2 protein chains.
Amino acid sequence: MRYSDAGVDIDAADRAKRRIRQLARRTFNPRVLREVGAFGGFFAIDDLPRDAALVSSVDGVGTKLKIAFALNRHNTVGADLVNHCVNDIAVHGATPLFFLDYVASGRLKPEVVTGIVSGIAEACRANACALIGGETAEMPGFYPDDEYDLAGCIVGWVSRSRIIDGSGIVPGDVVIGLASAGLHTNGYSLARRVLLDQAGLNLDAVLPELGRTLGDALLAPHRCCWPIIKALLELKSGATTTRGRRAGAGKNGVLKGLAHITGGGLTDNPPRILPTGCKMQIELGSWPVPPIFPVIASLGSVPQDDMLRTFNMGIGMILVTTEADLDAVARVLRKRREAFWQIGRIVRGGRGVEYT
Amino acid sequence: MRYSDAGVDIDAADRAKRRIRQLARRTFNPRVLREVGAFGGFFAIDDLPRDAALVSSVDGVGTKLKIAFALNRHNTVGADLVNHCVNDIAVHGATPLFFLDYVASGRLKPEVVTGIVSGIAEACRANACALIGGETAEMPGFYPDDEYDLAGCIVGWVSRSRIIDGSGIVPGDVVIGLASAGLHTNGYSLARRVLLDQAGLNLDAVLPELGRTLGDALLAPHRCCWPIIKALLELKSGATTTRGRRAGAGKNGVLKGLAHITGGGLTDNPPRILPTGCKMQIELGSWPVPPIFPVIASLGSVPQDDMLRTFNMGIGMILVTTEADLDAVARVLRKRREAFWQIGRIVRGGRGVEYT
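Values in this document were obtained by computation on a predicted structure and should not be read as measured data.

Time to look at the overall build of chain A. Looking only at helices and strands, one finds 12 helices and 13 strands in chain A. Once the C-alpha set of chain A is aligned to its principal axes, its extents read approximately 75 × 55 × 35 Å. Looking at the 356 residues of chain A, the share that counts as buried comes to 63%. A separation of at least 24 residues holds for 83% of the contacts in chain A among residues at least 6 apart in sequence. Total accessible area on chain A is roughly 12,800 Å²; 47% of this is exposed by carbon and sulfur atoms. Charge-centre separation for chain A: the mean point of 41 positive side chains lies 8 Å from the mean point of 36 negative side chains.

Before going further, it helps to examine the interface of chain A and chain B. Taken together, the 87 residues of chain A in the interface contact 87 residues of chain B. Between chain A and chain B lies a buried interface of about 6,900 Å² when both sides are counted; carbon and sulfur atoms form 58% of it. Interface area lost by chain A to chain B is led by A:Met1, A:Phe39 and A:Phe142, which between them contribute 14%. For B:Arg160, the salt bridge identified is with A:Asp46, shortest N-O distance 2.9 Å. Our count for the chain A to chain B interface comes out at 21 residue pairs in polar contact (both at pLDDT 80 or more). The element best represented in the side of chain A that touches chain B is strand E2 (residues 52–60) of chain A, accounting for 9 residues. Here the side of chain A that touches chain B is built from residues that sort into 44 nonpolar, 21 polar and 22 charged.

Take a positive patch on the surface next. Where like charges cluster on the molecular surface, the positive patch consists of A:Arg15, A:Lys17, A:Arg18, A:Arg21 and B:Arg272. Taking relative accessible area as the criterion, A:Arg21 reaches 31% and is therefore assigned partly exposed.

Okay, the packing of helix H7 (residues 226–233) of chain B against helix H12 (residues 326–335) of chain B next. All names here are of chain B. One can describe the packing of H7 onto H12 by two numbers: an axis separation of 10 Å at closest approach and a directional angle of 140 degrees. In terms of orientation, H7 and H12 fall into the oblique class. Where H7 crosses over H12, the two elements pack in a sense that is right-handed. Touching Ile228, Ala231 and Leu232 of H7 are Val329, Val332 and Leu333, all from H12. In terms of residue class, the contact of H7 with H12 is built from 6 nonpolar, no polar and no charged.

For the rest of this paragraph, the subject is helix H3 (residues 77–90) of chain B. Helix length check: H3(B), at 14 residues, gives a terminal C-alpha distance of 20 Å against a target of 20 Å (1.5 Å per residue), a fit within 8%. Taking burial as the measure, the 14 residues of H3(B) include 14 buried ones, the bulk of the element.

This brings us to the confidence of the model for chain A. Residues and elements named next belong to chain A. Model confidence for chain A is summarised by a mean pLDDT of 92, while 95% of its residues fall at 70 or above. Within the model, the stretch residues 241–249 combines pLDDT values under 50 with 18 contacts to residues more than four positions away or in other chains. The complex prediction reports pTM at 0.94, with the ipTM value standing at 0.93.

Turning our eyes to something else, we now look at the packing of aromatic side chains. Counted by the stated rule, this structure contains 11 aromatic pairs over all chains. Judged by centre distance (5.8 Å) and plane angle (40 degrees), the ring pair of A:Phe142 and B:Phe69 falls under tilted. Of this pair, A:Phe142 sits in the loop between strand E4 (130–138) and strand E5 (148–159) while B:Phe69 sits in helix H2 (residues 64–71), which puts the two residues in different chains. The two residues A:Phe142 and B:Phe69 agree in class, both being buried. With a centroid separation of 4.9 Å and 45 degrees between ring planes, the pair formed by B:Phe43 and B:Phe98 is classed as tilted.

Should their charged atoms come close, side chains of opposite charge can pair. Residue and element names in this part refer to chain B. All told, the structure shown has 22 salt bridges over all chains when counted by the stated rule. A salt bridge links Asp216 to Arg73; the nearest nitrogen and oxygen atoms lie 2.9 Å apart. Within this pair, whereas Asp216 is found in helix H6 (residues 214–219), its partner Arg73 is found in the loop between H2 and H3, the two being separated by 143 residues in sequence. Classification of Asp216 by relative accessible area gives partly exposed; the value is 28%. Overall, the relative accessible area of 31% leaves Arg73 in the partly exposed class. Linking Glu323 and Arg345 is a salt bridge whose minimum nitrogen-to-oxygen distance equals 2.5 Å. Of this pair, Glu323 sits in the loop between strand E11 (315–321) and H12 while Arg345 sits in strand E12 (residues 340–348), and the two are 22 residues apart along the sequence. On the basis of relative accessible area, Glu323 is assigned to the partly exposed category, the value being 45%.

Rules used throughout
Residues numbered from 1 in each chain as written. Chains lettered and ligands numbered in written order. Predicted model: local features only at pLDDT ≥ 70, side-chain atom pairs only at ≥ 80, totals over all residues. Heavy atoms only, no water. Helix = DSSP H or I, 4+ residues; strand = E, 2+ residues; numbered from the N terminus. Buried < 20%, exposed > 50% of the residue type's maximum accessible area, 1.4 Å probe, protein only. Contact = heavy atoms within 4.5 Å. Areas by Shrake-Rupley, 256 points an atom, 1.4 Å probe, with all protein chains shown as cover. Lys, Arg positive; Asp, Glu negative; His and termini not counted. Charge placed at Lys NZ, Arg CZ, Asp CG, Glu CD. Buried area = accessible area lost by both parts, 1.4 Å probe. Salt bridge = Lys/Arg side-chain N within 4 Å of Asp/Glu carboxyl O. Polar contact = N/O pair within 3.5 Å; in protein donor to acceptor, adjacent residues only side chain to side chain. Nonpolar A, V, L, I, M, F, W, Y, C, P; charged D, E, K, R; others polar. Patch = residues over 30% accessible without salt bridge, like charges linked within 9 Å, V, L, I, M, F, W, Y side chains within 5 Å. Axes fitted to C-alpha atoms, helices over the stretch in contact; angles between N-to-C directions. Parallel < 35°, antiparallel > 145°, perpendicular 65-115°, else oblique. Left-handed = near helix turned anticlockwise from the far one by under 90°. Expected span 1.5 Å × (residues − 1). pLDDT = per-residue confidence, 0-100. Phe/Tyr/Trp six-rings, centres within 6.5 Å; stacked < 30°, edge-to-face > 60°.

In structure tokens form, the structure reads like this:
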């Protein structure tokens, strides 16, 4: 018996790895000290300020991958992965530095793997993030031949004095929601169960409510909020400068807190940034919920509590700012044609979300 | 339908996450700026030297996990994952800083997940590496209920002037092999196919050649070489200091190159550190091959070429040093009771491994 008889084709893996190396190289910048291929990826940090902290996050795409398998479309899940990770560190005010990916499949199909990695590399480039490493694991008998899992790790940086963590949030602050592009990467177990298993819908079906195929709606990639957050980080806080503080990000900028709406939905993510004694009131109906969510709720008779604790409901990111800075923030968002709504307020109360 | 009906139990996940946070906290040091639980993990780097480069790597455990599933033993795969990643950056002379893990399962069993993460945290502690983040994904219908995949990402640092990359290797240099603890994390697809599927062996069977159960032999954790590499990095090179260079690691230390023997086995890993014009001659028979490898070779009639390109064959790590430094290196290895053998030499030739 040879190794290839056991389901592992090292030569096919080598071909895919050569192509992956080309894709990764396009994301490189002068900080990348070596090409992908050594045992580790090298990254220079000598131009970071002295008080820089590294901020990192790891994530996967979850069962959204099942939609990609069914549609045999593998070039969008890379953007899901990278954008999710970028958002996870952007909420702390962190700038992306580098990314590493993990792709595990039953049988390595070079065209599938390079499709996945080209999506990763493209999303990395869009965020000036270098793809400096990755693992492509062939695990026969572990994953079905046509399936794979996908995870990734991002490392970025923020000046320690400019970390955004919600600690400055006080009652009276304003809650802004930025639009999501759909389910992003959360709630797919429930969505698939309701739409595909229970209602028996076909991914190719065009749903009138959606105006496109169900598959297209479900596969819409996770939106990256880093460009808009970056622009807002440059903004001087009127509220704080009148009290003589330095302008800039973190405690002195217009962004007091940012919550990425991921697993746990609108209900469980905002508390992660709320200080003791602060409750977030979210006014249902203050933004247009995209049609995919009511479709899931009605076809599956899903209680509203579960919808709100599972899905982003059309809000991909929550920003907390002061009343005094609201106009300035709104101006930047409008200038960048960002879809946003004032969806609530911070009030006195236990750390949590209250719907009104 | 509620979210828990779709196979995702957020409350069970929350319980597991609380326990994971406790486990992670034990790995923390003053560089960790926040507790696990925010969207990203924070790590201070202000005490690193100005010329520090970050070195990072991502990896999984591969189909070795199938052995853990079969034995329902989940506290060793964490060490496999961490030690593999630590070795991947240690070969470049890098000191571990922090680690993030990804655990994806069909149905999240808190006791299984905390078993996995306690293994990860323990191995992190042993390497003074902080576990600052992780993702625990419940993916019903994607993984069987009792199965999971496991991947992780490590970030470490090395002074740019002390990066070990094999570039100083020249013909005449000596090749030393450090003992592995077994298959480590590579070759399990072939091993399982031969031992379990083809030969029909039971994991509980005690094989006389092995002196223990097959399961114990196959589940032996990946050995971490960082402590011994760290000790060798302190060693002054006699060869280089006589030419007036600075003592220390990298190009001035006794370690000219290090190859972690992972996927691709003894044949495909050493070329990753060989400069043009250098061939590595490895003398078969110069070290005792652990019995698990001949058992696989004979039961599966696996050609020697495939054995050497798949498995580490008892050599977990390869060190390249000069003849002049060999005694000093050997003294440190012996003092630390490290099992090692001089297994070959660097000769003139194309980049590759030649067996003699």
